[in-house]
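# Working through the structure, step by step
Chain by chain, the residues run as shown.
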Amino acid sequence: MLNVIDYVPGDTLLHRLNPVTKLALAAAIIAATFLANTYAALVGLLVLTLLLAAYAGVFGRLARLLKLLVPIALIMLVLQLVFVRGGDTLFSFVTDEGLITGGKACLRLLGVALLLVLMLMVTKLTDLANACVEKLHIPYKYAFTFTTALRFVPVFSQEMNAIMEAQTARGVQYDTKNPFKKMQLMLPLCVPLLISSVSKTDATALAAEQRGFYLRTRASSYRRYPFAARDIVVFALCVALIVGGIVL
Amino acid sequence: MAAIIEMDGVSFSYGAEAEHALDDVSLRVNEGDFVGIIGPSGAGKSTLAACLSGAIPHHFTGELFGSTLIAGKDTCDVTLTDISRLVGSVAQDIDAQMVASVVEDELLFGLENFGVPHDQIEDRIARTLATVGIADLREREIATLSGGQKQKVAIAAILALEPRVLVLDEPTAALDPVSSRVVFETLADVNRRLGVTVIVIEQKVALLSSFCSRVVVMDHGRIALSGTPHEVFGHSDRLRAIGVDSPRTARISNSLVGDGLVAQAAPCLNVDEAHALIRSVLAGVPGVTQAAADDPEPSPHIPTRPHAQGADPILTFRQVGFTYPSGGASVTDLDITVYPGELVGIVGQNGAGKTTLTKLLNGLLKPTRGKVRVAGLDTRETPVSTVAAHVATLFQNPDRQICKNTVLDEVAFGLELTGVDPAAARERARRVIKRFGLPAGEAPFSLSRGQRQMVALAGVVVMEPDIVVLDEPTSGLDYRECMTVMETVRDMADHGSAVIMVCHDMEVVSDFAERIVVMADGRILGRGPAADLFANTALMEAASVTPPQVIDLSVRLARDVSPAFAHITEVSDIVRTVKELMGRA
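Residues numbered from 1 in each chain as written. Chains lettered and ligands numbered in written order. Predicted model: local features only at pLDDT ≥ 70, side-chain atom pairs only at ≥ 80, totals over all residues. Heavy atoms only, no water.

## Quick notes on the overall build of chain B
Quick reminder of the rule: By definition, any uninterrupted DSSP run of H or I lasting at least four residues is a helix, any uninterrupted run of E lasting at least two residues is a strand, and each is numbered from the N terminus. Just to be clear, the radius of gyration here is over C-alpha atoms, and the globule rule we use is 2.2 Å times residues to the power 0.38. The cut-offs for exposure are 20% and 50% of the maximum accessible area for each residue type, with area from a 1.4 Å probe on protein chains only; residues under the lower value are buried, those over the upper are exposed, and the others partly exposed. Where accessible areas are quoted, they stem from the Shrake-Rupley method and a 1.4 Å probe; at the residue level, only the protein chains shown are allowed to cover. Asp and Glu count as negative and Lys and Arg as positive, but His and the ends of the chain are not part of the count. Think of each charge as sitting on NZ of Lys, CZ of Arg, CG of Asp or CD of Glu.
Helix and strand counts for chain B stand at 25 helices and 20 strands. A compact globule built from 585 residues should have a C-alpha radius of gyration of about 25 Å, and chain B, at 25 Å, falls within 12% of that. Counting all 585 residues of chain B, 57% fall into the buried class. Total accessible area on chain B is roughly 22,700 Å²; 50% of this is exposed by carbon and sulfur atoms. Distance between charge centres in chain B, computed from 51 positive and 75 negative side chains, equals 4 Å.

## Let's talk about the domain arrangement of chain A
Residue and element names in this part refer to chain A. Worth spelling out the cut-off: Where a domain begins and ends is set by an automatic assignment or by a domain database. A contact between two residues is defined here by any heavy atoms of the two lying within 4.5 Å. For salt bridges, the criterion is a side-chain nitrogen of Lys or Arg within 4 Å of an Asp or Glu carboxyl oxygen. Whenever two N or O atoms come within 3.5 Å, that pair is a polar contact, provided that in protein one can donate a hydrogen and the other can accept it, and provided that, for residues adjacent in sequence, both atoms are side-chain atoms. When residues are grouped by polarity, Ala, Val, Leu, Ile, Met, Phe, Trp, Tyr, Cys and Pro land in nonpolar, Asp, Glu, Lys and Arg in charged, and all others, Gly among them, in polar.
The domain architecture assigned to chain A consists of domain 1 (13-132 + 225-247) and domain 2 (138-215). Taking the mean C-alpha position of each, domain 1 and domain 2 sit 28 Å from one another. Between domain 1 and domain 2, the residue contacts involve six residues of the former and seven residues of the latter. For the interface between domain 1 and domain 2, the tally reads zero salt bridges. Taken together, the connections running from domain 1 to domain 2 amount to one residue pair in polar contact (both at pLDDT 80 or more). Classifying every residue of the side of domain 1 that touches domain 2 by side-chain character gives five nonpolar, one polar and no charged.

## Let's talk about helix α3 (residues 39-56) of chain A
Residue and element names in this part refer to chain A. How we decide: One fewer than the residue count of a helix, multiplied by 1.5 Å, yields its expected span. Directions pointing from the helix axis toward each C-beta atom define the arc.
When the terminal C-alpha atoms of α3 are compared, their 26 Å separation across 18 residues agrees well with the 26 Å that a helix rising 1.5 Å per residue should span. Within α3, burial applies to Ala41, Leu42, Leu45, Leu46, Thr49, Leu52, Ala53 and Ala56. Axial view of α3: buried residues confined to an arc of 140 degrees, hence all on one face. Looking at α3, the residues exposed on the side facing more than 90 degrees away from the buried face are Ala40 and Leu51. Residues of α3 that are buried sit in contact with α1 (13-16), α2 (19-35), α4 (59-83), α5 (96-121) and α10 (229-247). One or two positions beyond α3, positive phi appears at Gly57, with a value near 75 degrees.

## Some thoughts on the pairing of strand β1 (residues 3-13) of chain B
Residues and elements named next belong to chain B. As a reminder, the rule being used: In this description, strands pair whenever DSSP reports at least two bridges between them.
Bridge analysis of β1 against strand β2 (residues 20-30) gives seven bridges, and the strand direction is antiparallel. Following the sheet pairing, Glu6 is matched in β2 by Arg28. Counting the residues between successive antiparallel strands, the hairpin from β1 to β2 contains six residues. Two strands pair when backbone bridges link them, and β1 and strand β4 (residues 63-70) are joined in this way by seven bridges, in the antiparallel orientation. Paired with Ser11 across the two strands is Phe65, which belongs to β4.

## Topic: the environment of Val47 of chain A
All names here are of chain A. Tracing the chain through its elements places Val47 in helix α3. Among the residues examined, Val47 registers a relative accessible area of 40% and is labelled partly exposed. Considering only alpha carbons, one finds Val47 and Gly111, 64 residues apart in sequence, at a separation of 8.9 Å.

## Remarks on the sheet that holds β2 of chain B
As summarised here, the arrangement of the four strands in space is β2-β1-β4-β5 (chain B), forming an open sheet in which the pairing is antiparallel. Both outer strands of the open sheet, β2 and β5 (73-74) of chain B, are each paired with one neighbouring strand and no more.

## Observations concerning the interface of chain B and chain A
Listed per partner, the contact involves 54 residues of chain B and 44 residues of chain A. Our enumeration of links across chain B and chain A arrives at eight salt bridges. Notably, a salt bridge pairs Glu165 of chain A with Lys359 of chain B, separated by 3.0 Å at the nearest N-O pair. For the pair chain B and chain A, the number of links is 23 residue pairs in polar contact (both at pLDDT 80 or more). Those elements that place two or more of their residues in the side of chain B that touches chain A are α3 (80-86), α4 (94-97), α5 (103-113), α6 (118-132), α7 (147-159), α16 (384-387), β16 (391-394) and α17 (407-417) of chain B. For the side of chain B that touches chain A, the element with the highest residue contribution is α5 of chain B, accounting for eight residues.

## Some remarks on the side chain of His15 of chain A
By secondary structure assignment, the location of His15 of chain A is in helix α1. Apart from residues no more than four positions distant in its own chain, His15 of chain A is found in contact with Tyr7, Val8, Pro9, Gly10, Lys22, Ala56 and Val122 of chain A.

## Concerning the confidence of the model for chain A
Here is the rule we go by: What pLDDT expresses is the predictor's confidence in each residue, scored from 0 to 100.
For chain A, mean pLDDT is 87; residues scoring 70 or higher make up 98% of the total. Mean pLDDT in chain A bottoms out at strand β1 (residues 89-91) of chain A, which sits at 79, and peaks at α2 of chain A, which reaches 93.

## Some details on the pattern of salt bridges
Tallied over the entire structure, the rule returns 41 salt bridges over all chains. The residue Glu580 of chain B makes a salt bridge to Arg576 of chain B at a minimum N-O spacing of 3.2 Å. Taken as a pair, Glu580 of chain B and Arg576 of chain B lie in helix α25 (residues 571-584) at a separation of four residues, close to a single helical turn. For Arg576 of chain B, a relative accessible area of 30% translates into the label partly exposed. Each of Asp127 and Arg223 of chain A together with Glu104, Asp105, Glu122 and Arg138 of chain B takes part in one network of salt bridges that share partners.

## Comments concerning the domain arrangement of chain B
Residue and element names in this part refer to chain B. Test applied: Two parts placed together each lose some accessible area; with a 1.4 Å probe, that loss summed over both constitutes the buried area.
Split into domains, chain B comes out as domain 1 (3-240), domain 2 (249-301 + 552-584) and domain 3 (315-549). Each of domain 1 and domain 2 was reduced to a C-alpha centroid, and the two centroids are 38 Å apart. The interface of domain 1 with domain 2 comprises seven residues on the first partner and seven residues on the second. For the domain 1 and domain 2 pair, buried surface summed over both sides reaches about 610 Å², with 58% attributable to carbon and sulfur atoms. There are zero salt bridges connecting domain 1 and domain 2. Viewed at the interface, domain 2 and domain 1 are joined by four residue pairs in polar contact (both at pLDDT 80 or more). Here the residues of the side of domain 1 that touches domain 2 are counted per class, giving two nonpolar, four polar and one charged.

## What to know about the sheet that holds strand β17 (residues 467-471) of chain B
All names here are of chain B. The criterion, for reference: Only C-alpha atoms enter the line fits that serve as axes; for helices the fit covers just the stretch in contact. Angles between N-to-C directions range over 0 to 180 degrees.
Here six strands make up an open sheet; going across it, the order is β16-β17-β18-β13-β19-β20 and the pairing mixed. With partners counted over all chains shown, the strands left at the sheet margins are β16 and β20 (523-529), one partner each. Direction aside, neighbouring strands of the sheet carry axes that sit 15 degrees apart on average. Judged from the four bridges that link them, strand β13 (residues 343-347) and strand β18 (residues 498-502) form a sheet pairing that is parallel. The residue of β18 that forms the bridge with Ile346 is Val502. Its contacts with the sheet put helix α19 (residues 449-461) on β16 and β17, and the angle it makes with β16 is roughly 175 degrees.

## Re the packing of aromatic side chains
Residues and elements named next belong to chain A. The criterion, for reference: Here a Phe, Tyr or Trp ring, Trp counted by its six-membered ring, pairs with any other such ring whose centre lies within 6.5 Å, and the pair is stacked when the planes are under 30 degrees apart, edge-to-face when over 60, and tilted otherwise.
A complete count under the given rule lists twelve aromatic pairs over all chains for this structure. Ring centres of Tyr140 and Phe213 lie 5.8 Å apart, and the angle between their planes is 50 degrees; on these two criteria the pair is classed as tilted. Linking Tyr140 in helix α7 (residues 140-170) with Phe213 in the loop between α9 (190-209) and α10, this pair joins segments that are 73 residues apart in sequence. Accessibility expressed as a relative area gives 13% for Tyr140, which makes it buried. Ring centres 5.4 Å apart and planes at 80 degrees place the aromatic pair Phe213 and Tyr214 in the edge-to-face group.

## Focus: a nonpolar patch on the surface
Residues and elements named next belong to chain A. Rules: Grouping into patches uses exposed residues only, defined as over 30% relative accessible area, and leaves out salt-bridged ones; the cut-off is 9 Å for like charges and 5 Å for nonpolar side chains (Val, Leu, Ile, Met, Phe, Trp, Tyr).
The grouping of Leu35, Val239, Ile242, Val243, Ile246, Val247 and Leu248 at the surface amounts to a nonpolar patch, some 650 Å² of accessible area in total. If one sorts the elements of the nonpolar patch by residue count, α10 sits on top with five residues. Relative to the helices and strands, Ile242 is located in helix α10. Assessed through its relative accessible area of 31%, Ile242 is described here as partly exposed.

Shown next, in the form of structure tokens:
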């Protein structure tokens, strides 16, 4: 559960696409998700994402993420129902307009989150960073910051787990059923976590500099990321998706 | 040979007000040396390493005096990047040093940055991986590697850049004895074959003495001793005053020299040398081999504690098994019984299931099979927070335990959690803090690593628990701090707490635990009195545990020289036995 965004090795077309192409594909699907305004289109895009995941062999992992996301989506739905007041009242505080916009918001949330995670699962972070530097001319500094931040997510969550274990062993009642009490108990743990994060980040910066970070240029990368015919095809598909999103 | 590093009168403090972390240090390292740096915590070892790697003055700010020349260039005049071309450094925190998620990319990072021509890169990567012995790990995800493997990847990533000097800050702190040795063998190989100068900060004296060509002892920011391992470890008394351990065999030979029994001046650095020395001393004594016909009496130094007499066991494991849901190390058929007042050591390699055992004990994990009973409570039916009132755990990393703003709050916190009235909790906490000599009003995070461990220990002591669990209590501590921790724990055992200790340092285990449990692959291979089990060579090999030097020596002496050496576990008893055998002749 911790490492949902870890790279899953594979040799599918999706794995072999240029990282920049994958980024474009993700951007196109996200754009279409926001442009499309019918349930059919939104569900279709979500199904497309899930099909891609099944093709790349990461459906199981994505499904586990879905379990986490569905409750969040439901909370959003309830909020929308409460705050969208237009349209006819269906029952108690629920209006038809609220139900429609809320449902769409949920689908959009799921579509965007699943897609971004799917893309990270089929792309090595190093490749993503290098390809963005080479093709999109993004300064390496930003690419490195982004990949390091993502790489630190599991590191910090492990650290948090270890801290929680230590505190539980001391008798802090994390096994309480009350979520508010649990939240209240967890807040003080931010101090140890923050302290270890800051020192880790500093150590990383020093280690990177000692390995020539500031010498790196666009031409440094050993691997090259040329566009192939399949990338061109996918780019065409991206345009089609966006147009489709506007039309539907 | 030419000097690659010349430090001349270097002083450094981390701020105008702060004390000097380095105080007038002059050090010359020749190209091709293998230098070990040792000293108590706060002696300035890491600061010294930072000066050598250029992190001082380029990364850390403070006041610097004197000059550090690397290959003839002053570190203040060249950029950190240029220093890095000559000096590769491996940081203490390996996870923080990694920049990639796959081993190959980790090596590529530096090679790409320093502009190594792309047609040479493949060759460099293949060669470096082979040198370090991890060619098979090339495609692996770094997150899936063991601690020892990660350490080797970190070394390879630096070595691929072909530095002339390699600086490492406690590379074996988180490793078991076998992996630690492998890391040092790798370093020695790099040093010998590639001629790379190696400078390593290390607390494990046995490693330093068998691999380094030169040992530097630091104390209060100064260099206290420097020389070959034989020269340095000849000063056991001086080292002990500084707070640095020396190999037990060196203590034996130094005592023999001190008592006038041996003329040889160089100390013995390992069991082989000590064995040869004692053998040669006793070779001239007639009748030694028969002399020990009278049964060797048990060593008088082993404390016999009044435990287990009519008392009920405080902890029982019955046929306990546990498997992690995600796979990975599992344990099976654990049977353990511990009585109040006992000190039990758990030994075994990394991955043997020791940590799983401690988590089963304090209730963090619930057994999948069998029963764990702690102070009469079944851990499967009891919330962890209730078990916590009976079991106090001292974790390896105190920073995960500490979460309050003052030392007093921190120490009292555990008591308050178990429902002790806050005023009474504070009173008890104050007493313990006073005994440890800690600053009650300070923020724990402003203290040194060793002192933070003491704060965590105070938090354990104040609980007056039935059971104390120690997970690697000595890692990251210097010799003196380590002894303080262990003596405190022994004191708790004397007052009736049962102590379960997981520890890689076999010398510490043999000094303090009267019983040990030997584990391998999630099973218990043997249990019983520490001295007997450590003397069981077959068992130790099966568990990949290196027995403590004194026991190893006494087993071999009992076999080859005289049965009088059997069952000896302490330095003083070896010396006494040699004296008696010589006196008899």
